[in-house]
Amino acid sequence: MKPRPFDYVRPDTAEEAVALLADYGDEARILAGGQSLIPMLNLRLIDPAVLIDISRIAGLDVIADRGNFIEIGAAVTQNALMGWPDLKLKLPLLAAALPFVGHFQTRNKGTVCGSVAHADPSSEIPLTLAVCGGAVVLRGKRGERVLAADAFQQDMLTTAREPDELIAAVRFPVIEGKGVAFDEVARRHGDFAIIAVAAIADGRGEVTLGVGGMAGRPMLRSIVGDAAGAIAVWAGELEGYEDLHASAALRRDLLRNLGPRVVAEAIRCAA
Amino acid sequence: MRRVNKNERVRIALALNGRKLAAAAEPRTLLSDFIRQNLGSTGTHVGCEHGICGACTVLIDGVAARSCLTLAVQAEGREVKTVESLAAPDGTLNPLQAAFRANHALQCGFCTPGILMSFTDYLARNPHPSSAEIREVLSGHLCRCTGYAGIVKAVEEVASSAPAKAGKGDHASEAKHGGRGV
Ligand code: FES
Ligand code: FES
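Cut-offs used in this document
- Along every chain, residues carry numbers that run from 1 in the direction the sequence is written.
- To read the labels, note that chains go from A and ligands from 1, taken in the order they are written.
- Local features are withheld for residues below a pLDDT of 70 in this predicted model, meaning they are given only at 70 or higher, and side-chain atom pairs are given and counted only at 80 or more; totals for whole chains, interfaces and linings count all residues.
- Excluding hydrogens and water, the side-chain figures rest on all heavy atoms present in the structure.
- When a residue's accessible area, from a 1.4 Å probe over protein chains only, is under 20% of the maximum for its type it is buried; when over 50% it is exposed; and in between it is partly exposed.
- Think of it this way: any DSSP run of H or I at least four residues long counts as a helix, any run of E at least two long counts as a strand, and we number them from the N terminus.
- The arc in question is formed by the directions pointing from the helix axis toward the C-beta atoms.
- Whether two residues touch is decided by their heavy atoms; if any such pair falls within 4.5 Å, the residues are in contact.
- The criterion for strand pairing is that DSSP finds at least two bridges linking the strands in question.
- Residue ranges assigned to the domains are those given by an automatic or database domain assignment.
- Summed over both partners, the accessible surface that disappears when two parts come together, traced with a 1.4 Å probe, is what is meant by buried area.
- By definition here, a salt bridge exists when the distance from a side-chain nitrogen of Lys or Arg to a carboxyl oxygen of Asp or Glu is within 4 Å.
- Counting of polar contacts relies on pairs of N or O atoms within 3.5 Å, with two restrictions inside protein: one atom must be capable of donating a hydrogen and the other of accepting it, and residues adjacent in sequence are counted only when both atoms are side-chain atoms.
- In this description, a line fitted to the C-alpha atoms serves as the axis of each element, helices being fitted only across the stretch in contact, and the angle between N-to-C directions of two axes falls anywhere from 0 to 180 degrees.
- Throughout this description, any angle smaller than 35 degrees is read as roughly parallel, any larger than 145 degrees as roughly antiparallel, any in the 65 to 115 degree range as roughly perpendicular, and the remainder as oblique.
- The sense of a crossing depends on the near helix, which, turned anticlockwise from the far helix by less than a right angle, makes the crossing left-handed and, turned clockwise, makes it right-handed.
- Classification used: nonpolar for Ala, Val, Leu, Ile, Met, Phe, Trp, Tyr, Cys and Pro, charged for Asp, Glu, Lys and Arg, polar for all others including Gly.

Asker: Any chance you could explain helix H1 (residues 14–24) of chain A here in plain terms?
Answerer: Structurally, the α-helix is built with 3.6 residues per turn, so residues lying three or four positions apart point the same way. Residues of H1 of chain A that are buried include every one of Ala14, Ala17, Val18, Leu20 and Leu21 of chain A, and no others. Buried residues in H1 of chain A, looked at end-on, bunch into an arc of 160 degrees, giving them a common side. Opposite its buried face, H1 of chain A presents the exposed residues Glu15 and Asp23 of chain A, each directed more than 90 degrees away. Residues of H1 of chain A that are buried in the fold lie against strand S1 (7–10), strand S2 (28–31), strand S3 (50–53), strand S6 (135–140) and strand S10 (166–173) of chain A together with strand S1 (2–4) of chain B. Phi turns positive one or two residues past the end of H1 of chain A, at Gly25 of chain A, with a value near 55 degrees.

Asker: Looking at this model, I keep getting lost on the pairing of S1 of chain A. Mind explaining?
Answerer: On a regular strand, each side chain points to the face opposite its neighbour's, so the side chains alternate between the two faces of the sheet. Of the two faces of S1 of chain A, both are covered, the one formed by Asp7 and Val9 of chain A as well as the one formed by Tyr8 and Arg10 of chain A. Pairing of S1 of chain A with S3 of chain A, which is carried by three bridges, proceeds in the parallel orientation. From the neighbouring strand, Tyr8 of chain A faces S3 of chain A, where its bridge partner is Leu51 of chain A. Of the pairings in the sheet, the one linking S1 of chain A to S1 of chain B comprises three bridges and is antiparallel in character. The partner of Arg10 of chain A across the bridge, within S1 of chain B, is Arg2 of chain B.

Asker: Quick question: what am I supposed to make of the domain arrangement of chain A here?
Answerer: By a frequent convention, interface size equals the accessible area lost on bringing the separate parts together. Residues and elements named next belong to chain A. Taken domain by domain, chain A comprises domain 1 (7–53), domain 2 (63–173) and domain 3 (179–270). The gap between the C-alpha centroids of domain 1 and domain 2 is 18 Å. Across the contact, 15 residues belong to domain 1 and 13 residues belong to domain 2. Counting each side, the surface lost to burial between domain 1 and domain 2 is near 1,100 Å², with a carbon and sulfur contribution of 73%. Considering only the surface of domain 1 that becomes buried against domain 2, Val18, Leu21 and Gln35 emerge as the three largest contributors, covering 40% of it. In this structure, the connection of domain 1 to domain 2 is made through zero salt bridges. Remark: the boundary between domain 1 and domain 2 carries zero residue pairs in polar contact (both at pLDDT 80 or more). The element contributing the most residues to the side of domain 1 that touches domain 2 is H1, with seven residues.

Asker: I keep staring at the pattern of salt bridges and nothing clicks. Help me out?
Answerer: When the charged atoms of two side chains lie near each other, side chains of opposite charge can form a pair. A full pass over the atoms with the stated rule returns 22 salt bridges over all chains. Ionic pairing is found between Arg217 of chain A and Asp150 of chain A, a salt bridge with its closest N-O pair at 3.4 Å. Of this pair, Arg217 of chain A sits in the loop between strand S13 (206–212) and strand S14 (219–224) while Asp150 of chain A sits in helix H9 (residues 149–152), and the two are 67 residues apart along the sequence. On the basis of relative accessible area, Arg217 of chain A is assigned to the partly exposed category, the value being 24%. Measuring nitrogen to oxygen at the nearest pair gives 3.0 Å for the salt bridge that ties Glu26 of chain B to Arg28 of chain B.

Asker: What exactly am I supposed to notice about the packing of helix H4 (residues 131–138) of chain B against helix H5 (residues 149–161) of chain B here?
Answerer: To characterise two packed helices, one gives the angle between the axes of the helices and the distance between these axes. All names here are of chain B. Running from N to C, H4 and H5 cross one another at 125 degrees; their axes reach a closest spacing of 10 Å. Compared by their axis directions, H4 and H5 come out oblique. For H4 against H5, the interelement crossing comes out right-handed. Counting all contacts with H4, which are made through Ser131, Ile134, Arg135 and Leu138, the residues of H5 involved are Ile151, Val152, Val155 and Glu156. A breakdown of the residues in the contact of H4 with H5 according to their chemical character gives five nonpolar, one polar and two charged.

Asker: Can you help me understand the domain arrangement of chain B in this one?
Answerer: Residues and elements named next belong to chain B. When the domains of chain B are assigned, the result is domain 1 (10–82) and domain 2 (95–175). The centre of domain 1, based on its C-alpha atoms, is set 22 Å off from the matching centre of domain 2. Contact residues are listed per partner, giving 17 residues for domain 1 and 12 residues for domain 2. Roughly 1,000 Å² is buried in total at the junction of domain 1 and domain 2, and carbon and sulfur atoms are behind 62% of that figure. Viewed at the interface, domain 2 and domain 1 are joined by zero salt bridges. For the pair domain 1 and domain 2, the number of links is five residue pairs in polar contact (both at pLDDT 80 or more). If you list the elements that add at least two residues to the side of domain 1 that touches domain 2, you get strand S4 (57–60) and strand S5 (63–66).

Asker: How do you make sense of the sheet that holds strand S3 (residues 19–25) of chain B when you look at a structure like this?
Answerer: In any sheet, the strands associate via hydrogen bonds between backbone groups, in a parallel or an antiparallel arrangement. All names here are of chain B. Sheet architecture is open: five strands sit in the order S3-S2-S6-S4-S5, paired in mixed fashion. With partners counted over all chains shown, the strands left at the sheet margins are S3 and S5, one partner each. Here the strands of the sheet are splayed against their neighbours by 40 degrees on average, with no regard to which way each runs. In this structure, strand S2 (residues 10–16) lies alongside S3, joined through seven bridges in antiparallel fashion. The residue bridging Ala13 from the neighbouring strand is Ala22, located in S3. Those strands touched by helix H1 (residues 31–38) are S2, S3, S4 and strand S6 (79–81), and its axis lies near 105 degrees from that of S3. Against the sheet, helix H3 (residues 112–125) touches S4, S5 and S6, its axis set at about 40 degrees to S4.

Asker: I would appreciate a short explanation of the interface of chain B and chain A in the present structure.
Answerer: Each side of the interface is counted separately: chain B has 47 residues, and chain A has 53 residues. Roughly 4,400 Å² of surface becomes buried between chain B and chain A when both sides are summed, with 53% attributable to carbon and sulfur atoms. Applying the counting criterion to the chain B and chain A interface returns four salt bridges. Of the charged contacts in the structure, one is a salt bridge between Asp33 of chain B and Lys2 of chain A, with a shortest N-O distance of 2.7 Å. Our count for the chain B to chain A interface comes out at 23 residue pairs in polar contact (both at pLDDT 80 or more). Put simply, the parts of the chain that give the side of chain B that touches chain A at least two residues each are S1, S4, S5, H3 and H4 of chain B. Each residue belonging to the side of chain B that touches chain A can be placed in one class, and the counts come to 17 nonpolar, 15 polar and 15 charged.

Laid out in structure tokens, this is it:
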């Protein structure tokens, strides 16, 4: 349960980090909070040649209010975001989702961008980003590009990030005048969810519903009218998957039960 | 830019419980092992080494974190506090430790160092947590002995004797977001 040997580099600026990524490409892993990466290293599930530690880069440690969206830098921890005074007002869905992310102790180190980078199919932050229609800012030597959440996360632990690109920040659109709700089922609090469900109701009868844990990435559906009926059909279409924690049938069942409740809650909040 | 090549043993310096210490380690050395094996402070326990059990929790610059999910080199130059920092030099237990003893919040004591460090951080931020908030923080730890009730009681006792409304407040409302959104 100890990592294999690797080189360690701690750049002082984002430019240095990007230059290192250009040199090492997929031999390298970015280390920020380490709450997903170091367990994988300890269990020897991955074997990178070099770790690039970005956790001390000052410019990446910023939560910036850009008006229509909030930009969260790569070194911002989940607890730092939870302590951000405008969170509930501007990013209510994220405010509802964050308490489900790991534990107090892991949120102290774990970063928002790291969770997006890790791209676990049932994890809360990527789901929230997808449901909000957020985006990921990727920085490489060739420049910067901004990818919609939907285009970024492609499959289980697989994203559109090129090996020489740094996730510099994620952008969450500000949600105002809408109702939101989030809930999940996990074996124990703080575990990865079996099913996580997030909803945004626009107040005019339409609800954007997202689910994590049914496919390799968060899935979205627009719901109008009979939520229970629509979700039952959707659950059948998605099928779900089987792993150590739950069968595909249980996942479908959980979505059929939890989905309509979360939709109703979002509609109630919008009213 | 700090760079350490694999298999290279370099001097890593940090402050452990207020003392500036240094020892040689590789990049892959975990902070938990560094504290116990290189620096010789064995109060911090190691259970799972992948972030699940919480036994290895220490404070890094005042913030509770898994030392098994931190590389020693990442803690370079940082202020690390372990369970050894809690009691007075003459061995007198601090209020949290004394409450653990009084409320049977430990049996074998394997999980205890981590739990004490978690609540040292949490109570500094939120000195008057609800019992739900205490349980939420405790959910980041596994204890195979006590059934947790004594631990909750011990923390409640410390919280109820804390002076009214102090603390940094930055995360005081953290666990109150729980459940559904607004
Ligand atoms: S030993 Fe670190 S969490 Fe278990
Ligand atoms: S007291 Fe034995 S594990 Fe907690």
